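Residues per chain, in single letters:
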There are 2 protein chains.
Amino acid sequence: MQLERLEHRACFGGWQDVYRHRSHVLDCDTSFAVYLPPVAAQKAVPVLYWLSGLTCTEQNFIAKAGAQRYAAEHGVALVVPDTSPRGEHVPDADNYDLGKGAGFYLNATREPWSRHYRMYDYVVDELPALVEANFPVTDARAVSGHSMGGHGALVIALRNPDRYRSVSAFAPIVAPSQVPWGEKAFTAYLGDDREAWKDYDATELVARATQVPPILIDQGEADEFLRSQLRPELFKAAAEKAGWSPQLAMHAGYDHSYYFVASFIGKHVAHHAQALYAEKL
Amino acid sequence: MQLERLEHRACFGGWQDVYRHRSHVLDCDTSFAVYLPPVAAQKAVPVLYWLSGLTCTEQNFIAKAGAQRYAAEHGVALVVPDTSPRGEHVPDADNYDLGKGAGFYLNATREPWSRHYRMYDYVVDELPALVEANFPVTDARAVSGHSMGGHGALVIALRNPDRYRSVSAFAPIVAPSQVPWGEKAFTAYLGDDREAWKDYDATELVARATQVPPILIDQGEADEFLRSQLRPELFKAAAEKAGWSPQLAMHAGYDHSYYFVASFIGKHVAHHAQALYAEKL
């Protein structure tokens, strides 16, 4: 597996890098960002995967969230994939919420999407294998994300509780089967059979989970998508009915932007560091 | 003076806003950003003005530097102007280092620039008057900036030591009369007479200063512009020869990007907060 380094920047005593590689899963070139904290020069560190929202690439989070400061303090690496396959030969749609920039962290089964749109397998399997083979990291993993990426983080952690020590989300799409963004994307990528949607719906998954990593969700009350697309109360109710206790904090005044993410990313990195550095029972 | 609010976002317990207004000095509409820390809801706070580098608008610093966290902690407002006049009727050049995005914080005297390119007067006079009349701030001011904005901060503080309590800069152009960026811009904006350049050259100004606010400069050693355009050693030597003691810290590995600014902005906000909250003698 060839890794091409595109960016290499000192940041809070560590290194903020960006790499490109050929993804076999996505059948295209793709880029991801890696932040290595200062302590990674001496020892392997655990990894927090970050999944971004609609329209983003690997750049938005690393430029805007200010997470490196906290990752440096806690000795955690950050790994940030793109949000979809890319390239001229990759199918797209004329909308911001379908196609490029809108992979929804699933494996598409419908045409024309099924060949390249396989972000679930990329994030769960190919990317961690690549990262763990090429960087000074351990196999202790956590996952977080924003909006569409919060959906991805919750789905991936709920389906793979043995692979992720903790999960968190900012303003996540928690019930894609019940909101316009999810209904549109799932119909295109997965088809009309709503049974097939359940494996990518965090509210469905948590209702039947037998093991759940610690869950932290932060949500702004002035978020313009709160009532139409996000609806965290649906997830909380389903989780509590199933006997789980996700932490959901609502924040007056905050909207859907990276200013919200930046304001609370320190709390999330601390949440993950606690799980990542805990002795496994 | 009419202020139109374009953005209003909760951030670290305070508010990151962007406003547009008609500038009499620049003879065009211009935008600036204001961060008000949480404590500004209770009392007036001092202001740190931030001047950005080539190609930037008021957006870059507020999205990428992560300064709001520190401004919230220290109770300091941040005010960030654009880097030049804007608009279809404003002259421009086909280069990133002249015209729009490259105002160099001076008052141009040559055509076609002299009507609109008056960023010095805008930053020193019109903007503070506007800010102090419309926001919960005191008249305690500090100024900082990056690259071209570091040049602006040093020049403005050295020429107005009674108006600014402290000054700092990241990777500043300290001797524009001696480097290509400065020679090109000053020739266009100020003409061929190098005597006229001295009022906008921090290395010239510090040599004849009779009063100097506390100066902090950080510089990355892997900065691609260090030897050709920045040359902080020229400023340090001139300042020390004149009996001043600027703090200049060099940082191995760091480049010219906002990852460098983000890594050390906390130190700069603390430097300014100390001066801004000191009792005036």
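Reading guide: rules and limits
Residue numbers restart at each chain and count upward from 1, following the sequence in its written direction. By the order in which they are written, chains take letters starting at A while ligands take numbers starting at 1. Confidence filtering applies because this is a predicted model: local features only for residues at pLDDT of at least 70, side-chain atom pairs given and counted only at 80 or more, and all residues used for totals across whole chains, interfaces and linings. Side-chain figures throughout are based on the complete set of non-hydrogen atoms in the structure, without hydrogens or water. UniProt positions are given in the numbering used here, feature names are shortened, and annotations may be inferred rather than shown by experiment. By the criteria applied, helices consist of DSSP H or I runs no shorter than four residues and strands consist of E runs no shorter than two, each listed in order from the N terminus. Note that the radius of gyration is over C-alpha atoms, with the globule rule given as 2.2 Å times the number of residues to the power 0.38. Accessible area is worked out with a 1.4 Å probe on protein chains only. A residue is then buried under 20% of its type maximum, exposed over 50%, and partly exposed in between. Residue contacts are counted whenever heavy atoms from the two residues lie within 4.5 Å of one another. Note on areas: Shrake-Rupley with a 1.4 Å probe; residue coverage comes only from the protein chains shown. Charge convention: Lys and Arg are scored as positive, Asp and Glu as negative, and His as well as the terminal groups of each chain are ignored. By convention, charge coordinates are those of NZ in Lys, CZ in Arg, CG in Asp, or CD in Glu. Once two parts are brought into contact, the accessible area they lose, counted with a 1.4 Å probe and summed over both, makes up the buried area. Each reported salt bridge corresponds to a side-chain nitrogen of Lys or Arg within 4 Å of a carboxyl oxygen of Asp or Glu. If DSSP finds at least two bridges between two strands, the strands pair. Orientation is described by lines fitted to C-alpha atoms, with helices fitted over the stretch in contact, and by angles between N-to-C directions that extend from 0 to 180 degrees. Here roughly perpendicular refers to angles of 65 to 115 degrees, roughly parallel to angles under 35, roughly antiparallel to angles over 145, and oblique to all remaining angles. In this scheme the crossing of two helices becomes right-handed for a clockwise turn of the near helix relative to the far one and left-handed for an anticlockwise turn of less than a right angle. Three categories are distinguished: nonpolar for Ala, Val, Leu, Ile, Met, Phe, Trp, Tyr, Cys and Pro, charged for Asp, Glu, Lys and Arg, and polar for the others, with Gly belonging to the last. Least-squares superposition of the copies uses the C-alpha atoms of those residues scoring a pLDDT of at least 70 in each of them. A residue's pLDDT is simply how confident the predictor is in it, with values from 0 to 100.

Labelled according to an unreviewed UniProt entry, chain A appears under the name S-formylglutathione hydrolase, originating from Dyella mobilis. The record held by UniProt for chain A lists under Catalytic activity (unreviewed entry) the comment "S-formylglutathione + H2O = formate + glutathione + H(+)". Here is the UniProt Function (unreviewed entry) comment for chain A, exactly as written: "Serine hydrolase involved in the detoxification of formaldehyde."

Here we come to the overall build of chain A. A tally of helices and strands in chain A yields nine helices and nine strands. Relative to the compact-globule value of 19 Å for 281 residues, chain A shows a C-alpha radius of gyration of 17 Å, a close match. Projecting the C-alpha coordinates of chain A onto the three principal axes gives extents of approximately 50 × 45 × 35 Å. Across the 281 residues that make up chain A, the buried fraction comes to 62%. Across chain A, contacts joining residues at least 24 apart in sequence account for 70% of those joining residues at least 6 apart. Total accessible area computed for chain A in this model is approximately 10,500 Å², and 48% of it derives from carbon and sulfur atoms. Across chain A, 26 positive and 34 negative side-chain charges occur, with their mean positions spaced 2 Å apart.

Counting residues at the interface gives 22 residues for chain B and 22 residues for chain A. Of the roughly 1,900 Å² buried where chain B meets chain A, counting both sides, 53% is carbon and sulfur surface. Our count for the chain B to chain A interface comes out at two salt bridges. Among the ionic pairs, arginine 9 of chain B bridges to aspartate 255 of chain A, the shortest N-O distance being 2.8 Å.

Pairing in this open sheet of nine strands is mixed, and the strands run 1-2-3-5-4-6-7-8-9 (chain A) from one edge to the other. Of all strands in the sheet, those bounded by a partner on one side alone are strand 1 (4–11) and strand 9 (247–251) of chain A. For this sheet the average axis-to-axis angle between neighbouring strands, irrespective of direction, equals 20°. Pairing between strand 3 (residues 28–36) of chain A and strand 5 (residues 77–81) of chain A: four bridges, direction antiparallel. Its bridge partner being in strand 5 of chain A, phenylalanine 32 of chain A is matched across the sheet by proline 81 of chain A. Contacts from helix 4 (residues 148–159) of chain A reach strand 4 (45–51), strand 6 (137–146), strand 7 (166–170) and strand 8 (215–220) of chain A, with the element oriented near 135° to strand 6 of chain A. Taken strand by strand, helix 9 (residues 258–276) of chain B contacts strand 1 and strand 2 (14–23) of chain A, and its axis lies near 25° from that of strand 1 of chain A.

Another aspect to go through is the packing of helix 3 (residues 119–134) of chain A against helix 4 of chain A. All names here are of chain A. Where helix 3 contacts helix 4, the axes come no closer than 11 Å and their chain directions differ by 60°. By the angle between their axes, helix 3 is oblique relative to helix 4. Crossing of helix 3 over helix 4 shows right-handed handedness. Within the contact between the two elements, helix 3 uses Tyr120, Val123 and Val124 and helix 4 uses Val155, Ile156 and Arg159. Taken together, the residues that form the contact of helix 3 with helix 4 break down as five nonpolar, no polar and one charged.

For the pair chain B and chain A, the relating rotation is 180°, the translation along its axis is 0.0 Å, and the fit reaches an RMSD of 0.0 Å. Taken together, these values place the two copies in the relation of a two-fold axis. No C-alpha of chain B approaches the rotation axis more nearly than that of lysine 64 of chain B, which lies at 2.5 Å. Taken as a fraction of all interface residues of chain B, those also at the interface in chain A reach 100%, which identifies the copy contact as same-surface.

It is worth spelling out the confidence of the model for chain A at this point. Put simply, chain A has an average pLDDT of 97, and 99% of its residues get 70 or more. This prediction of the complex comes with two scores: 0.96 for pTM and 0.94 for ipTM.

Another aspect to go through is the pattern of salt bridges. Opposite charge on two side chains lets them pair, provided their charged atoms get close. Residues and elements named next belong to chain B. The final tally for this structure, using the stated rule, is 34 salt bridges over all chains. Two residues, aspartate 97 and lysine 184, come together in a salt bridge whose shortest N-O distance is 2.7 Å. Taken as a pair, aspartate 97 in the loop between strand 5 (77–81) and helix 3 (119–134) and lysine 184 in helix 5 (residues 180–190) lie far apart in primary sequence, 87 residues in all. Judged by its relative accessible area of 9%, aspartate 97 is buried.

Right, let's get into the environment of leucine 190 of chain B. Residues and elements named next belong to chain B. With respect to the helices, strands and loops of the structure, leucine 190 is situated in helix 5. Since its relative accessible area comes to 3%, leucine 190 is described here as buried. With 114 residues separating them in the primary sequence, leucine 190 and valine 76 have C-alpha atoms 35 Å apart. Here leucine 190 is in contact with Leu106, Asn107, Ala108, Thr109, Arg110, Ala185, Ala196, Trp197 and Tyr200, once residues within four sequence places are set aside.

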